[in-house]
Amino acid sequence: MNYNNDFKYDLEVGQIKEKELADIFSNKKIEVKYDLIALKTNNVYVEYESRGKKSGISKTKADFYCFAFGNTFHLISVDDLKVRCRKYIGSDRDKKGGDNNTSKGILLPIKELF
């Protein structure tokens, strides 16, 4: 996008993005994940299996995941999140977790949410 020093132009651009965000909240399903230790580990845990069955990102009906940590919220489409996680399947970031380590998930670096 080109820079323009015109308030009316900037206002129009801002209103387009406001509508995009409004559409997300009014027409899409959002799954919120509150991660208490993400800011300490610099990772979020993205579950894909629990007790030998698909779960989490593998089974969600949400259009977006919203990761909440600290005082921030980070929206990412489920499709984009799956792409970012797939490359870590079978790596040292593919970890057991959850209650009694009965789940499997990806430790995704926070920076990869952006």
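Preceding this paragraph is the structure being described.
Remember, it's a predicted structure, so these values are computed and weren't measured experimentally.

**Points about the overall build of the chain**
Alright, step 1. When its secondary structure is counted, the chain shows three helices and seven strands.
Alright, step 2. Its C-alpha radius of gyration of 17 Å places the chain more than 25% over the 13 Å reference for a compact globule of 114 residues.
Alright, step 3. Across the 114 residues that make up the chain, the buried fraction comes to 31%.
Alright, step 4. Across the chain, contacts joining residues at least 24 apart in sequence account for 58% of those joining residues at least 6 apart.

**What about the pattern of salt bridges?**
Where charged atoms of side chains with opposite charge meet at close range, the side chains can pair.
Alright, step 1. In this structure the tally under the stated criterion is five salt bridges.
Alright, step 2. The closest approach of N and O atoms between Lys 33 and Glu 31, which form a salt bridge, is 2.8 Å.
Alright, step 3. The class for Lys 33 is partly exposed, based on a relative accessible area of 29%.
Alright, step 4. For Glu 31, a relative accessible area of 23% corresponds to the partly exposed category.
Alright, step 5. In this structure, Lys 87 engages Glu 112 in a salt bridge whose closest nitrogen and oxygen atoms are separated by 3.2 Å. With Lys 87 in the loop between α3 (78-86) and β6 (94-97) and Glu 112 in the segment after β7 (103-109), the pair connects residues that are 25 residues apart, well separated along the chain.
Alright, step 6. Given a relative accessible area of 54%, Lys 87 falls into the exposed group.

**Things to note about the nonpolar core**
Alright, step 1. Val 44, Val 46, Phe 67, Leu 81, Leu 108 and Leu 113 are the most contacted members of the largest nonpolar core, which has 18 residues in total.
Alright, step 2. Counting residues per element, the ones that place at least two in this core are β2 (43-50), β4 (64-69), α3 and β7.
Alright, step 3. Excluding its chain neighbours within four sequence positions, the residues that come into contact with Leu 113 are Val 44, Phe 67, Phe 69, His 74, Ile 76, Leu 81 and Leu 108.

**Description of the sheet that holds strand β3 (residues 53-54)**
Alright, step 1. Spatially, β3-β2-β7-β6 is the arrangement adopted by the four strands of the open sheet, whose pairing is antiparallel. The open sheet is flanked by β3 and β6, the only strands paired with a single partner.
Alright, step 2. When β6 meets β7, the two strands line up antiparallel, connected through four bridges. Looking across to β7, one finds that Asp 94 is bridged to Ile 106.
Alright, step 3. This element, α3, spans β2 and β7 of the sheet and lies at about 95° to β7.

**Remarks on the packing of aromatic side chains**
Alright, step 1. Under the criterion given, the structure shown has one aromatic pair.
Alright, step 2. The lysine or arginine in question, Arg 93, covers the ring of Tyr 88, its NZ or CZ lying 5.8 Å from the ring centre.

**Describing the sheet that holds strand β5 (residues 72-77)**
Alright, step 1. Reading across from one edge, β1-β4-β5 is the order of the three strands in this open sheet, with mixed pairing throughout. Each of the sheet's edge strands pairs with one partner strand only, and the pair in question is β1 (30-34) and β5. Neighbouring strand axes in the sheet, compared pairwise and without regard to direction, differ in orientation by 25° on average.
Alright, step 2. Here β4 runs beside β5; their pairing, made up of six bridges, is antiparallel. Its bridge partner lying in β5, Phe 69 is registered against Thr 72.
Alright, step 3. Against the sheet, α3 touches β4 and β5, its axis set at about 85° to β5.

Reading the values: the criteria
Residues numbered from 1 in each chain as written. Predicted model: local features only at pLDDT ≥ 70, side-chain atom pairs only at ≥ 80, totals over all residues. Heavy atoms only, no water. Helix = DSSP H or I, 4+ residues; strand = E, 2+ residues; numbered from the N terminus. Rg over C-alpha atoms; globule rule 2.2 N^0.38 Å. Buried < 20%, exposed > 50% of the residue type's maximum accessible area, 1.4 Å probe, protein only. Contact = heavy atoms within 4.5 Å. Salt bridge = Lys/Arg side-chain N within 4 Å of Asp/Glu carboxyl O. Core = buried A, V, L, I, M, F, W, Y, C linked by side-chain atoms within 4.5 Å. Pairing = 2+ DSSP bridges. Axes fitted to C-alpha atoms, helices over the stretch in contact; angles between N-to-C directions. Phe/Tyr/Trp six-rings, centres within 6.5 Å; stacked < 30°, edge-to-face > 60°. Lys NZ or Arg CZ within 6 Å of the ring centre and 35° of its normal.

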